[in-house]
Amino acid sequence: MLQNILDFVFGRLKPSDFVHDPIMAGAGFAMVGALILAIIGLTYFKKWGWLWRNWITSLDPKKIGVMYILVSVIMLLRGLADALLLRAQQATDGSAGLLTSDHFQQIFSAHGSIMIFFVAMGIIFGVFNLIIPSQIGARDVAFPFLNSVSFWLFAAGMILINAPLIVGEFSTAGWLAYPPLSELQYSPGVGVDYWIWSLQIAGIGSLLSGINFFVTILKMRAPGMTLMKMPIFVWSALTSTGLIMFAFPILTATLGMLSLDRLMGMHFFTATGGGNPMMYVNLIWAWGHPEVYILVLPAFGIFSEVVSAFSGKKLFGYTSMVVALLAIAILSFTVWLHHFFTMGAGADVNTFFGIMTMIIAIPTGVKVFNWIFTMYRGRVRFATPMLWFMGFIVTFTLGGLAGVLMSVPPADFQFHNSLFLVAHFHTMIVGGVLFGAFAGFAYWFPKFTGFTLNERLGRYAFWNWIVGFLLAFVPLYILGFMGATRRLDHYDPSMGWQGLFVVAGIGVAIICVGVFFQLLQLGYSIWKRNDNRVGSDPWNGRSFEWSIASPPPEYNFAVIPTVTQRDEFWELKKKKHGSLLKSHYEDIWLPKNSGLGPIIGAFALAFGIAVIWHMWWLLIVGLVGVVVTLIIRLTSDETEEKMTAAEVAKHELKRGIV
Amino acid sequence: MKNVIEEAAVQQKKTLGFWIYLMTDLVLFASLFATFAVLRGQTFGGPSGHDLFNMPFVLLETMILLTSSFTAGLAILGSNRGYKKQTIFWLFVTFALGAAFLTLELTEFSHLVSEGDGWQRSAFLSSFFTLVGTHGLHIAIGLLWLAVMIIRLIRFKFKQTDLNRLALFALFWHFLDVVWIFIFSIVYLIGGMA
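Counting from 1, residues in each chain are numbered in the order their sequence is written. As they are written, the chains are lettered A onward and the ligands numbered 1 onward, keeping that order. Note on the predicted model: pLDDT of at least 70 is required for a residue's local features to be given, and 80 or more for side-chain atom pairs to be given and counted; whole-chain, interface and lining totals, by contrast, use all residues. Note that water and hydrogens are dropped before the side-chain values are worked out from all heavy atoms of the structure.

Draft legend 1. Highlighting the overall build of chain A. Across its full length, chain A holds 20 helices and 2 strands. In summary, chain A has a C-alpha radius of gyration of 25 Å against a globular reference of 26 Å for 658 residues, a match within 12%. Expressed as lengths along the three principal axes of its C-alpha atoms, the size of chain A is roughly 70 × 65 × 50 Å. Expressed as a percentage of the 658 residues in chain A, the buried residues total 58%. A total of about 25900 Å² of accessible surface is found on chain A, and carbon and sulfur atoms cover 71% of it. Put simply, chain A has 41 plus and 34 minus side-chain charges, and the middle of one group is 13 Å from the middle of the other. Elements are defined by DSSP. Helices are runs of H or I of four residues or more, strands are runs of E of two residues or more, and each kind is numbered from the N terminus. Our radius of gyration looks at C-alpha atoms and nothing else; its globule reference is 2.2 Å times the residue count to the power 0.38. Burial here depends on accessible area, computed with a 1.4 Å probe over protein chains only, as a share of the maximum for the residue type. Under 20% is buried, over 50% is exposed, and the range in between is partly exposed. For accessible areas, the Shrake-Rupley method is used with a probe of radius 1.4 Å. Any residue's cover is judged against the shown protein chains and nothing else. In this tally, Asp and Glu contribute negative charge and Lys and Arg positive charge; neither His nor the terminal groups of the chain are included. Where a charge sits is defined by one atom per residue type, namely NZ (Lys), CZ (Arg), CG (Asp) or CD (Glu).

Following this line, the structure appears as structure tokens:
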């Protein structure tokens, strides 16, 4: 009787699920400890109300953007810790007995999933939130509440993917959970369910956010800003969100089908019952390859902004940049099969996808040349954003060439699943997306804080990163040639691989020094913020975000600017028109705060926990909660409040702009 | 209150956003259609579509759903001209037809399951239940939406914001109709061939 009640309440959760080996338990305790410290701190300093009113319930995209970035930074540290463990295990050849095979598999699965979904995606959406409205001369995004829901779904997914450190286990099936390994027959535990539902919930958030920014860009540009007058970052965001809209529904459907296999005994991808595991692999890469471009296109956009701002020139070949973005976006849906040339689709199919993959290198090459020509004859300032850009150009070109090498199907039969591949995609995603994020961080940081980051520490961080990065990944290219496959938790010493693995380990250690300098840079810059105060336009920028105060007011623009040409702000500065601002203010409508976004996130989290642990009562609670909260929000009409023209004028006066 | 121009701009954004949402939903259905197309022959020794589908029954379902789309259109026409009673009437008819469709679909499902041809039987049946069931789930959500709409329209006497929502609902309902036409053609007509 008691057992029945316990089973009903807790599903398949048992006390033993809380027991972990020392490394995982340590990480779990550290996380819970940090959480408890944060709660004590908030209570002691009486900051709960502040946190709730100013951050959690805020619908201001700038606040939501900062929260995205904060979560991503924490997840980056988690993913980095995972990487350290993986490198340590391989450098010691597994003989030190650092990690068990099972634990090693959980770590590489978590490392990949977290880095893509909760670091890279989080950074991209954080930057979208912070930059897009102010670059297109808008006060807000198209759907502010939806934006909050997206973030809290992302946060719920983040909690779910970290929960296995405390309760249960994570997936051992890799970051894409190929069946039949990820099916119930071979992975009966909760690991794959954790993976599915954290990605599913965060993925739906990403999809909604993609729709939101797509509409924002199409409908909310300042008067006169035609598509071809948009800053190039906005173009990159438009193509990226376009890809999100086409790719993420495929992920939702695929994860849904895998989950139905596991929960309801269906046979989509099982080895029995007529299921077809290769269908899963096709579907997941039909999402997965565009996903890579969803991440890297905004990074291209950031670099385009950085390189033209720090070269003091307009971007070379704006039109060809836009065409290249569109070409990459369209081609990205025609190459997915190159992830599994070895599936056996036949020579014709492999040839088609191989050629399409090579073609995608052309628009990317156009972009690289445009960036270089932008610097040519420019007055280049080597501030930290520019350093990250230079590092990116080198590593990204190297990694891109490795990619072209692998796009040749017969060659790929050798590289498939080898460390060469691992080195390739890390060069693209670290050297492309992450360096882009770092460049953007240093570039836009003063806009949202009012002070710059310390340059010297930024340089230290960059040099540690680039040296560590090359040391960590060049050996992996070589190891790949030597036949080392990915995901090895031990190997025979006679292979002669250990030396290179040790070098790679040292590389990651140097990257950690770089990360240390970045954290130090952030802390030191905040501490010394009064020495580094800058005005609204510290870099002599080109687009509209530099025309408003740093940090910007909640409404961004007191008066919406009018656009007649590309780089309007830059051209106006050249003509010395002085202030862009007219003294005529009007009433501004801003969204009221809403606590319903975080509540929807909480119910989604409950739903996720329920479906993972088979607590069916909680599943109903979560589902009904989400639906009821949505109905409450969708049927409420007064969701905005007015800021009168007089109040706007007062705000602007206080900031000393007028 | 905001001025009329601003309100219209808000509604434009919502309409575009909703259209884009519908297109993403279409991609989701496309993934399920592709899966069905691949797994259609994978009956694993069990029954095929030809053995299972009762075409007159499915035709009845189809006609009911198409009619409900028509009545939803009549409701929109009524609301555009300010005929409140007609609008409510046609919305009730739409609801009744949608509920009838859903009931018939569930009847078909429970019949299949009771015959031992549930979703666990074969990959073909898994993909069939998931594709058709996902459409049914959308219909159920649409019915919930419609119920809330009817209550609000009556209670708040046809506020402009509710009329805007009604227009989006009609889009949703017609969209589900279009998806059903594809289900009817691909799952039942082509999938039911010997």
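Additional details are given in the paragraphs that follow.
Draft legend 2. Local environment of the overall build of chain B. The secondary structure content of chain B amounts to 6 helices and 0 strands. Going from the N terminus to the C terminus, chain B shows its helices and strands as α-α-α-α-α-α. Along the first, second and third principal axes, the C-alpha atoms of chain B reach 65 × 30 × 20 Å. For chain B, the residues scored as buried account for 51% of the 194 residues in total. Residue contacts are counted whenever heavy atoms from the two residues lie within 4.5 Å of one another. Long-range contacts, defined here as pairs at least 24 residues apart, represent 81% of the contacts in chain B between residues at least 6 apart.

Draft legend 3. The interface of chain A and chain B, seen in detail. Each partner contributes residues to the interface: chain A has 37 residues there, and chain B has 35 residues. Across the chain A to chain B interface the summed buried area is about 3000 Å²; carbon plus sulfur atoms make up 71%. What gets called buried area is simply the loss in accessible area from a 1.4 Å probe that two parts show on being joined, summed for both. A per-residue breakdown of the area chain A buries against chain B is headed by Lys219(A), Trp589(A) and Asp637(A), which together make up 17% of the total. Any Lys or Arg side-chain nitrogen located within 4 Å of an Asp or Glu carboxyl oxygen qualifies as a salt bridge. On the surface where chain A and chain B come into contact, there are 0 salt bridges. Under the rule applied, a polar contact is a pair of N or O atoms within 3.5 Å (in protein, one hydrogen donor and one hydrogen acceptor; residues adjacent in sequence only if both atoms are side-chain atoms). Linking chain A with chain B are 7 residue pairs in polar contact (both at pLDDT 80 or more). Only α7 (191–219), α8 (232–264), α9 (277–311) and α19 (616–634) of chain A provide two or more residues apiece to the side of chain A that touches chain B. Of the residues forming the side of chain A that touches chain B, the biggest block, 9 residues, is contributed by α8(A). Of the residues belonging to the side of chain A that touches chain B, the class tally is 24 nonpolar, 9 polar and 4 charged. Throughout, the ten residues Ala, Val, Leu, Ile, Met, Phe, Trp, Tyr, Cys and Pro are labelled nonpolar, Asp, Glu, Lys and Arg are labelled charged, and all others, Gly among them, are labelled polar.

Draft legend 4. Focus on the packing of helix α5 (residues 123–155) of chain B against helix α6 (residues 160–190) of chain B. All names here are of chain B. Between the N-to-C directions of two axes lies an angle of 0 to 180 degrees, each axis being a line fitted to C-alpha atoms and, for a helix, fitted only over the stretch in contact. Running from amino to carboxyl end, α5 crosses α6 at an angle of 160°, the nearest separation of the two axes being 10 Å. When the axis of α5 is compared with that of α6, the two are roughly antiparallel. Relative to α6, α5 is oriented so that their crossing is left-handed. Its residues placed into classes, the contact of α5 with α6 shows 21 nonpolar, 3 polar and 3 charged. Under this scheme an angle from 65 to 115 degrees is roughly perpendicular, one under 35 degrees roughly parallel, and one over 145 degrees roughly antiparallel; angles in between are oblique. By convention the crossing between two helices is left-handed if the near helix lies anticlockwise of the far one by an angle smaller than a right angle, and right-handed if it lies clockwise.

Draft legend 5. The environment of Phe445(A), seen in detail. Residue and element names in this part refer to chain A. One can find Phe 445 in helix α14 (residues 419–449). Separated by 106 residues in the primary sequence, Phe 445 and Pro 551 have C-alpha atoms spaced 9.5 Å apart. Discounting chain neighbours no more than four positions away, the residues touching Phe 445 are Gly 440, Phe 451, Thr 452, Leu 453 and Leu 522.

Draft legend 6. Summary view of the environment of Leu125(B). Residues and elements named next belong to chain B. Within the secondary structure layout, Leu 125 lies in helix α5. Considering only alpha carbons, one finds Leu 125 and Leu 39, 86 residues apart in sequence, at a separation of 8.8 Å. Leu 125 has contacts with Pro 47, Leu 52, Asp 117, Gly 118 and Trp 119, leaving out every residue within four places of it along the chain.

Draft legend 7. Representation of the confidence of the model for chain B. Residues and elements named next belong to chain B. Of the residues in chain B, 99% have a pLDDT of 70 or more, and the chain-wide mean is 94. Averaged pLDDT values over the elements of chain B bottom out at 92 in helix α2 (residues 49–52) and peak at 97 in helix α4 (residues 84–114). The ipTM value of the predicted complex is 0.96, and its pTM value is 0.96. Residue-level confidence of the predictor, termed pLDDT, takes values from 0 up to 100.

Draft legend 8. How the structure looks around the packing of α8(A) against helix α1 (residues 4–39) of chain B. Orientation of α8(A) relative to α1(B), taken along the N-to-C sense of each, is 45°, at an axis distance of 8 Å. By the angle between their directions, the pair α8(A) and α1(B) is classed as oblique. Note that α8(A) runs across α1(B); the crossing there is right-handed. Along its contact with α8(A), which presents Met245(A), Phe246(A), Pro249(A), Ile250(A), Thr252(A), Ala253(A) and Met257(A), the element α1(B) presents Ile20(B), Thr24(B), Val27(B), Leu28(B), Ser31(B), Leu32(B) and Thr35(B).

Draft legend 9. View of the packing of aromatic side chains. The rule is short: rings of Phe, Tyr and Trp, with Trp giving its six-membered ring, pair when the centres are within 6.5 Å, and they are stacked under 30 degrees, edge-to-face over 60, tilted in between. Evaluated as defined, the whole model comprises 77 aromatic pairs over all chains. Judged by centre distance (6.2 Å) and plane angle (65°), the rings of Phe128(A) and Phe233(A) are edge-to-face. Of this pair, Phe128(A) sits in helix α5 (residues 101–135) while Phe233(A) sits in helix α8; the two residues are 105 residues apart in sequence, bridging distant segments of the chain. For the pair formed by Phe128(A) and Phe233(A), the shared burial category is buried. Definition used: whenever NZ (Lys) or CZ (Arg) falls within 6 Å of the ring centre and also within 35 degrees of the ring normal, the charge is taken to sit over that ring. Over the ring of Trp527(A) we find Lys528(A); its NZ or CZ atom is 4.6 Å from the centre of that ring. The ring of Phe156(B) carries the charged tip of Lys159(B) above its face, separated from the ring centre by 5.1 Å.

Draft legend 10. How the structure looks around the side chain of Arg152(B). Looking at the secondary structure, you find Arg152(B) in helix α5. Separated by 2.8 Å, the side chain of Arg152(B) and the backbone oxygen of Thr635(A) make a polar contact. Residue contacts for Arg152(B): discarding those within four places in its chain leaves Thr635(A), Asp637(A), Lys157(B), Lys159(B), Asp162(B) and Arg165(B).

Draft legend 11. Molecular detail of the nonpolar core. Residues Trp287(A), Trp371(A), Phe128(B) and Tyr188(B) are the most contacted members of the largest nonpolar core, which totals 250 residues. Sort the elements by how many residues they give to this core and α9(A) lands first, with 20 residues. Counting residues in each nonpolar core, the second largest holds 9 residues, with Tyr555(A), Ala558(A), Met643(A) and Val648(A) among its members. To form a nonpolar core, buried Ala, Val, Leu, Ile, Met, Phe, Trp, Tyr and Cys residues must be joined to one another through side-chain atoms within 4.5 Å.

Draft legend 12. Molecular detail of the pattern of salt bridges. Counting across every chain of the model gives 10 salt bridges over all chains. Where salt bridges share partners, they join Arg12(A), Asp193(A) and Arg262(A) into one cluster.

Draft legend 13. Local environment of helix α10 (residues 318–331) of chain A. Taking 1.5 Å per residue as the helical rise, α10(A) with its 14 residues ought to reach 20 Å, and the 20 Å between its terminal C-alpha atoms agrees with that figure. Check the buried side of α10(A) and you find it contacts α8, α9 and α11 (347–375) of chain A. Given a helix with a known number of residues, its expected span is that number minus one, times 1.5 Å.

Draft legend 14. Looking closely at the side chain of Ser69(B). Within the secondary structure layout, Ser69(B) lies in helix α3 (residues 55–80). By relative accessible area, Ser69(B) is classed as buried at 7%.

Draft legend 15. Broad picture of the environment of Ile186(B). All names here are of chain B. In this fold, Ile 186 is placed in helix α6. Judged by its relative accessible area of 30%, Ile 186 is partly exposed. Placed 154 residues apart in sequence, Ile 186 and Leu 32 show a C-alpha to C-alpha distance of 12 Å. The residues contacting Ile 186, other than those within four sequence positions of it, are Phe 33, Phe 36 and Gly 191.

Draft legend 16. Seen up close, α14(A). Residues and elements named next belong to chain A. The term bend refers to the angle at a residue between two fitted axes, each drawn through seven residues, those ending there and those starting there. Along its length, α14 shows its largest kink, about 40°, at Tyr 443, and proline Pro 446 lies within four residues downstream of that point. Within α14, 26 of the 31 residues are buried, which leaves the element mostly enclosed by the surrounding structure. You can read the cap of α14 off the contacts: a side-chain oxygen lies 3.1 Å from the backbone nitrogen of Phe 420, and it is on Ser 418.

Draft legend 17. Looking closely at a nonpolar patch on the surface. Residues and elements named next belong to chain A. Patch members must show over 30% relative accessible area and no salt bridge, and they are joined within 9 Å when carrying like charges or within 5 Å when they are nonpolar side chains of Val, Leu, Ile, Met, Phe, Trp or Tyr. Together, Val 394, Leu 398, Leu 470, Val 474, Ile 478 and Met 482 line one region of the surface with nonpolar side chains, adding up to about 470 Å² of accessible area. Of all elements in the fold, only α12 (384–406) and α15 (455–481) reach the threshold of two or more residues within the nonpolar patch. Looking at the element boundaries, Leu 398 is found in helix α12. You can call Leu 398 partly exposed: its relative accessible area is 46%.

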